[in-house]
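Descriptive structure summary
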There are 2 protein chains.
Amino acid sequence: MMMEEQEREQLFTEDTEHLDEETLFVVSQTFKALSDPTRIRILNLLCTGEHSVNDIAETLNLSQSSVSHQLRFLKNLRLVKYRRAGRTLYYSEDDEHVMNLLKQAIKHALHH
Amino acid sequence: MMMEEQEREQLFTEDTEHLDEETLFVVSQTFKALSDPTRIRILNLLCTGEHSVNDIAETLNLSQSSVSHQLRFLKNLRLVKYRRAGRTLYYSEDDEHVMNLLKQAIKHALHH
DNA sequence: TATATACATGAGCATGTGTTCATATATTGA
DNA sequence: TCAATATATGAACACATGCTCATGTATATA
């Protein structure tokens, strides 16, 4: 019996016309992470290297709590990681691909 | 008098440490458009060419109203455009750059 | 002109999101 | 152990978001 058109597409190509539930979820979550100005500013700052929570808060003029909440969000999506040094947690990027998406969008927006 | 480090960065490089208000807004809006499963499915469908509103609704199993609302959203951001043929409006992509961001994310998500 | 078709629009509702405030936890040093 | 510092966490609130339902508008055709 012949395979249906759609089934063939899903199995053998990348230009999937139909997106499965999980892919849809992952993609939407990824973009959701990048859709908030505060998170964009945090990630953009982390482009320049690792920073502590207080450092991020002061540099971006945000509350410590707000930064901590957002970092937890980004950490759950594995977009950032941290290392501990005494009482201080130094956060840094942890997903090159997503950071590239952000950089592209910023570059494009800056060029008006 | 010498320029400050940050000032030099803003003027002469693209790796801006400080994002201005407008850039931040544009970038966040762009990603917000791509952060909803329904809009992702619509844009992904439009990758394959132009489609009427009813066609989109039937293909993706969505209500006509829901599709129309989302298309208005995407149209306001100039991510889609349409042409009229009688009573039918054929929608299609209108921002190659943003579509590329979407394709990249989908490709990456599919590769697990 | 009257009816049908294709799409747009606004109100209302349930749910999601980002912040602040208060407080908890963890680590360091006296 | 006690106080200080750095960060995490939960509740509560205001606001945003996406859907449905009802209805409006535009175009084509009888």
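The preceding data block contains the structure.
So, a few notes on the structure that sits alongside this text. (Residues numbered from 1 in each chain as written. Chains lettered and ligands numbered in written order. Predicted model: local features only at pLDDT ≥ 70, side-chain atom pairs only at ≥ 80, totals over all residues. Heavy atoms only, no water.)

Section: the sheet that holds strand E2 (residues 80-85) of chain A
Residues and elements named next belong to chain A. Put simply, the test is: We call two strands paired when DSSP finds no fewer than two bridges between them. Going along the chain from the N terminus, every DSSP run of H or I of four or more residues is numbered as a helix, and every run of E of two or more is numbered as a strand.
The antiparallel open sheet is built from 3 strands, whose spatial order is E1-E3-E2. The sheet terminates laterally at strand E1 (51-52) and E2, the two strands that pair on one side only. One ladder, built from 6 bridges, connects E2 with strand E3 (residues 88-93); its direction is antiparallel. Directly across from alanine 85, in E3, lies its bridge partner threonine 88.

Points about the pattern of salt bridges
All names here are of chain B. Definition in use: The salt bridge definition used is simple: a Lys or Arg side-chain nitrogen within 4 Å of an Asp or Glu carboxyl oxygen. Each residue is placed in one exposure class: buried if its accessible area under a 1.4 Å probe, protein chains only, is under 20% of its type's maximum, exposed if it is over 50%, and partly exposed if it falls in between.
As enumerated under the stated definition, the model contains 2 salt bridges over all chains in all. Arginine 83 is the partner of glutamate 50 in a salt bridge, and the nearest nitrogen-oxygen pair spans 2.5 Å. Separated by 33 residues along the polypeptide, glutamate 50 in the loop between helix H3 (37-46) and strand E1 (51-52) and arginine 83 in strand E2 (residues 80-85) bring together distant segments of the chain. The exposure class of arginine 83 is partly exposed, given its relative accessible area of 41%.

Observations concerning the sheet that holds E2(B)
All names here are of chain B. Applicable threshold: Throughout, a residue-residue contact means that at least one pair of heavy atoms, one from each residue, lies within 4.5 Å. Structural elements are reduced to axes, namely lines fitted to C-alpha atoms, with helices fitted over the stretch in contact, and the angle between N-to-C directions of any two is expressed from 0 to 180 degrees.
As summarised here, the arrangement of the 3 strands in space is E1-E3-E2, forming an open sheet in which the pairing is antiparallel. Among the strands making up the open sheet, the edge pair consists of E1 and E2. Of the pairings in the sheet, the one linking E1 to strand E3 (residues 88-93) comprises 2 bridges and is antiparallel in character. When the sheet's bridge partners are listed, serine 52 is paired in E3 with tyrosine 90. On the sheet, helix H5 (residues 64-76) packs against E2 and E3 and is oriented at approximately 120 degrees with respect to E2.

Observations regarding the protein's contact with DNA strand D
How we decide: Nearness is defined per residue: one heavy atom within 4 Å of the molecule or strand is enough. As used in this structure description, the phrase polar contact means that two N or O atoms lie within 3.5 Å; if the pair is within protein, one of them must be able to donate a hydrogen and the other to accept it, and residues adjacent in sequence are counted only when both atoms belong to side chains.
Every one of the 24 residues lining DNA strand D counts as a neighbour, but Ser68(A), Tyr91(A), Thr38(B), Ser65(B) and Gln70(B) are closest to it. Near the protein, within 4 Å, the atoms of DNA strand D are sugar or phosphate in 65% of cases. At a separation of 2.7 Å, a phosphate oxygen of DNA strand D approaches a polar side-chain atom of Ser68(A). Between DNA strand D and Leu89(A) there is a distance of 3.3 Å, counted from a phosphate oxygen to a backbone nitrogen or oxygen. Taken together, the elements giving at least two residues each to the surface near DNA strand D come down to helix H4 (53-60), helix H5 (64-76) and E3 of chain A together with H3 and H5 of chain B.

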